[in-house]
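# Observations on chain architecture
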Amino acid sequence: MTLQEILTPRLGQALRPNIWDAVALILVIGAMVLIVYGGEETTLPLSTLDVTPVSLDPANLPHYALRTTMRMLLAIVCSIIFTFVYAALAAKSRRAEMVLIPLLDILQSVPILGFLTFTVVFFLNLFPGNVFGAELACVFAIFTSQAWNMTFSMYQSIRNVPKDLEEASQSFHLSGWQRFWRLDVPFAMPGLIWNTMMSMSGGWFFVVASEAITVGSTTVTLPGIGSYVALAIEKQNLRAIGYAVLTMLLVIIVYDQLLFRPLVAWADKFRFEQIASGDAPESWMLDLFRRTRALRSLTYPFAALTKAVSNLQVALPAFPRVPAGKGPPSRIADAIWLALIAVSTGYAGWRAYSYLSATLGPGDVFSALGYGFVTLARVIVLVALATLIWVPVGVWVGLRPKFAERIQPLAQFLAAFPANLAFPVFVVIIVRYDLNPNIWLSPLMILGTQWYILFNVIAGASAFPSDLREAAGSFHLKGWRWWIKVILPGIFPYYITGAITASGGSWNASIVAEVASWGNIHLTATGLGAYIARATEAGDFPRVVLGIAVMCMLVTLFNRLLWRPLYAFGERRLRLG
């Protein structure tokens, strides 16, 4: 019997579908139909947005939910690509890190309205008279609320790969390309997936500003959950807000079951230390596709292609990682590189000064700085409170994988809850009891950003090595000693990543939180967020630029003086291996 005669029956049996293939095929076809249906409307003329304006009829919510979810998923894909490239460059090259990490601090501090102010017109002109331009502007705005914490997470993971794994990759003579796909990406995957879930929820937090865009005389309202919520707030329709919250909850449950829970279960194999099989996360969706026969057979060529690509002996560009002080060439190169950075920064500052000085004076600058310090005080207090609350909760959840699996959708829903939906409660209470908006609007800033701390602490606790837990038990470390000597050092790099993104997110959220509206009632808190929001609404671009520049400066200084030294301490003293 020939080899072909032996393999042909086996191939036919492998391609013969079973009942699981039928169920999986229905899900795949359904997803493709929804994508095509939602994508068709992006090619329509822009005038159709005025012909069919957003309506509060709850029958439209399934269609709005589809459009919003597609925008957020596209933004997540863009964020993942950005994360892989940006984090790898920052982690592998010391000189690139000197530019990219401060730039990332600046990017995460730029409010979403700041991006919208300068990108809406660009995207609309890129596709004139077409909905696709407005869609791209919306996707880009959502991207700016998702990408930064994912990049910080992967950067932190690559910088903290255990030394024994690095030595193993060197002993196997892996190329830079192979090391990235076989070591860096798998080690970063658990934390990256939790931060991707947080980013998806963060997109919901800013989706109102993304879909209902008003910049000066330019107004674009795309059909979606965000624009539905904005209209409900304007009309003071509590029932419509309730419908929107219910729709958000259902959508989050759906994509958690169909996307994120399978990813968490699949990524469990990348854990540095495996947990007991009974505690491993599970997913009915992943089990369904693993039980298929024909569909799994059709994926083999793609798996083989992926493996071949990851095994390529690609010689990546050599990064300048020569330690400083090891000879004159390194010092000269470092001096030249720092000089280039200083010249570029000085030129950008001079251009900004030339633009602002034409219309603004020193009094405007001092006013913006004063507002900035007020918002800074709010951020410090709120991040400290969020740390005290969510670090213990995150540790408790992260050390119990089965419980983390059950609360995953709830955590995503709470993280996704837009501050705008809390406006009715806060505005009514503040007006009813004559409270100070400067104090009682502040919690809205941390409403969506405190979860960065929780999600990163959960990721850190779930990745905590089991042998260290057993060693702590054998030494009878309990109570405060266990917290100080064992778990806090273990999760410290993850916490710093969460705290950096939470503080940056709080600055960003101040644009929404310091200006609250409910119908004709408008409350404003003193702060830089309200300053930028008012300037954006008025189309006052010089003050928008000034407010964003002050925000970027304060965030960067705060990160340089506090978070970065703490991060370096954790990387230097608490690294595994």
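Moving on: the overall build of the chain. When helices and strands are counted, the chain shows 26 helices and four strands. By the burial criterion, 49% of the 577 residues in the chain qualify as buried. For the chain, contacts bridging at least 24 residues in sequence account for 82% of all contacts bridging at least 6.

Pairing of strand β3 (residues 515–518) with strand β4 (residues 521–524), which is carried by four bridges, proceeds in the antiparallel orientation. Across the sheet, Trp-518 pairs through a bridge with Ile-521, a residue of β4. Connecting the antiparallel pair β3 and β4 is a turn made up of two residues, with Gly-519 showing a positive phi of about 70 degrees.

What follows deals with the packing of aromatic side chains. This model, assessed by the stated rule, comprises 19 aromatic pairs. The interplanar angle of 75 degrees and the centroid separation of 5.7 Å between the aromatic rings of Trp-194 and Phe-455 together place this pair among those described as edge-to-face. In this pair, Trp-194 sits in helix α10 (residues 176–205) while Phe-455 sits in helix α22 (residues 450–462), placing the two residues 261 residues apart along the sequence. Residue Trp-194 shares its accessibility class with Phe-455, and that shared class is buried. A network of ring pairs unites the aromatic residues Phe-82, Tyr-86, Phe-122, Phe-123, Phe-140, Phe-143 and Trp-148 as a single cluster.

Moving on to the packing of helix α13 (residues 238–267) against helix α18 (residues 401–416). Running from amino to carboxyl end, α13 crosses α18 at an angle of 135 degrees, the nearest separation of the two axes being 9 Å. The angle between α13 and α18 places the two elements in the oblique class. For the crossing formed where α13 meets α18, the hand is right-handed. Contacts between α13 and α18 involve Val-245, Met-248, Leu-249, Ile-252, Tyr-255, Asp-256, Phe-260, Arg-261 and Val-264 on the former and, on the latter, Glu-405, Arg-406, Gln-408, Pro-409, Gln-412, Phe-413 and Ala-416. Looking at the contact of α13 with α18 residue by residue, the class counts come to 10 nonpolar, two polar and four charged.

This part is about empty space enclosed by the protein. Per the stated rule, a full pass over the model turns up three cavities of 30 Å³ or more. When its volume is computed, the second largest cavity comes out at roughly 210 Å³. In this structure, the second largest cavity is lined by 14 residues; those nearest its centre are Trp-194, Val-264, Asp-268, Pro-281 and Ser-462. Elements with a minimum of two residues in the lining of the second largest cavity: α10, α13 and α18. With four residues, α18 is the largest single contributor of residues to the lining of the second largest cavity. Residue composition of the lining of the second largest cavity, by class: nine nonpolar, two polar and three charged.

Topologically, Tyr-64 is positioned in helix α4 (residues 61–92). You can call Tyr-64 buried: its relative accessible area is 5%. Discounting chain neighbours no more than four positions away, the residues touching Tyr-64 are Pro-53, Val-54, Ser-55, Pro-223, Gly-224, Ile-225 and Tyr-228.

The subject of this paragraph is the pattern of salt bridges. Tallied over the entire structure, the rule returns 11 salt bridges. Notably, a salt bridge pairs Asp-256 with Arg-261, separated by 3.6 Å at the nearest N-O pair. The class for Arg-261 is buried, based on a relative accessible area of 12%. Overlapping salt bridges, with partners in common, bring together Arg-67, Arg-71, Glu-135 and Glu-211 in one network.

Here the focus is the confidence of the model for the chain. When pLDDT is averaged across the chain, the result is 80; 89% of the residues are at 70 or more. Counting contacts from residues 320–328, a segment whose pLDDT is below 50, to residues more than four positions away or on other chains yields 13 contacts.

Right, let's get into unusual backbone geometry. With a phi close to 55 degrees, His-173 is a non-glycine residue in the positive phi region. Tracing the chain through its elements places His-173 in the loop between α9 (163–171) and α10. Under the relative-accessibility criterion, His-173 is labelled exposed at 65%. Non-glycine residue Asp-434 carries a positive phi angle of around 55 degrees. With respect to the helices, strands and loops of the structure, Asp-434 is situated in the loop between α19 (423–432) and α20 (437–440).

Glancing now at helix α5 (residues 94–109). A rise of 1.5 Å per residue sets the reference length of α5, with its 16 residues, at 22 Å; its end C-alpha atoms lie 23 Å apart and thus fit the reference within 8%. Regarding α5, the residues found buried are Arg-95, Ala-96, Glu-97, Leu-100, Ile-101, Pro-102, Leu-104, Asp-105, Gln-108 and Ser-109.

Relative to the helices and strands, Glu-97 is located in helix α5. Given the relative accessible area of 18%, Glu-97 is considered buried. Ignoring any residue separated from it by four or fewer positions in sequence, one finds Glu-97 in contact with Ala-90, Pro-102, Tyr-155 and Arg-159.

Another point: a nonpolar patch on the surface. On the surface, a nonpolar cluster with roughly 760 Å² of combined accessible area is contributed by Ile-19, Trp-20, Val-23, Leu-27, Leu-73, Val-254, Leu-258, Leu-259 and Trp-284. Listing elements by their share of the nonpolar patch, those giving two or more residues are α2 (19–40) and α13. The dominant element in the nonpolar patch, judged by the number of residues it contributes, is α2, at four residues. Along the chain, Trp-20 falls in helix α2.

Take Gln-450: it is sitting in helix α22. If we ignore the near neighbours within four places in the chain, the residues touching Gln-450 are Ala-386 and Trp-390.

A word on helix α14 (residues 284–291). The periodicity of an α-helix, 3.6 residues per turn, causes residues three or four places apart in sequence to face the same way. Turning to α14, its buried residues are Met-285, Leu-286 and Leu-288. An end-on view of α14 places all buried positions within 155 degrees of arc, on one side of the element. Its buried side turned inward, α14 meets α2 and α13.

Interaxial distance between helix α8 (residues 147–159) and helix α24 (residues 479–513) falls to 10 Å at its minimum, and their mutual angle equals 160 degrees. Between α8 and α24, the angle is such that the two are roughly antiparallel. By crossing handedness, the relation of α8 to α24 is classed as right-handed. Judged by residue contacts, Asn-149, Phe-152, Ser-153 and Gln-156 of α8 engage Pro-493, Tyr-494, Thr-497, Ile-500 and Thr-501 from α24. Tallied by class, residues from the contact of α8 with α24 come to four nonpolar, five polar and no charged.

Rules used throughout
- Residues numbered from 1 in each chain as written.
- Predicted model: local features only at pLDDT ≥ 70, side-chain atom pairs only at ≥ 80, totals over all residues.
- Heavy atoms only, no water.
- Helix = DSSP H or I, 4+ residues; strand = E, 2+ residues; numbered from the N terminus.
- Buried < 20%, exposed > 50% of the residue type's maximum accessible area, 1.4 Å probe, protein only.
- Contact = heavy atoms within 4.5 Å.
- Pairing = 2+ DSSP bridges.
- Phe/Tyr/Trp six-rings, centres within 6.5 Å; stacked < 30°, edge-to-face > 60°.
- Axes fitted to C-alpha atoms, helices over the stretch in contact; angles between N-to-C directions.
- Parallel < 35°, antiparallel > 145°, perpendicular 65-115°, else oblique.
- Left-handed = near helix turned anticlockwise from the far one by under 90°.
- Nonpolar A, V, L, I, M, F, W, Y, C, P; charged D, E, K, R; others polar.
- 1 Å grid on protein atoms, 1.4 Å probe; cavity = no way out; pocket = protein on both sides within 12 Å on 5 of 7 lines; lining within 4 Å.
- Points joined across faces, edges and corners; volume = space filled by probe spheres on them.
- Salt bridge = Lys/Arg side-chain N within 4 Å of Asp/Glu carboxyl O.
- pLDDT = per-residue confidence, 0-100.
- Expected span 1.5 Å × (residues − 1).
- Patch = residues over 30% accessible without salt bridge, like charges linked within 9 Å, V, L, I, M, F, W, Y side chains within 5 Å.
- Areas by Shrake-Rupley, 256 points an atom, 1.4 Å probe, with all protein chains shown as cover.
- Arc of directions from axis to C-beta.

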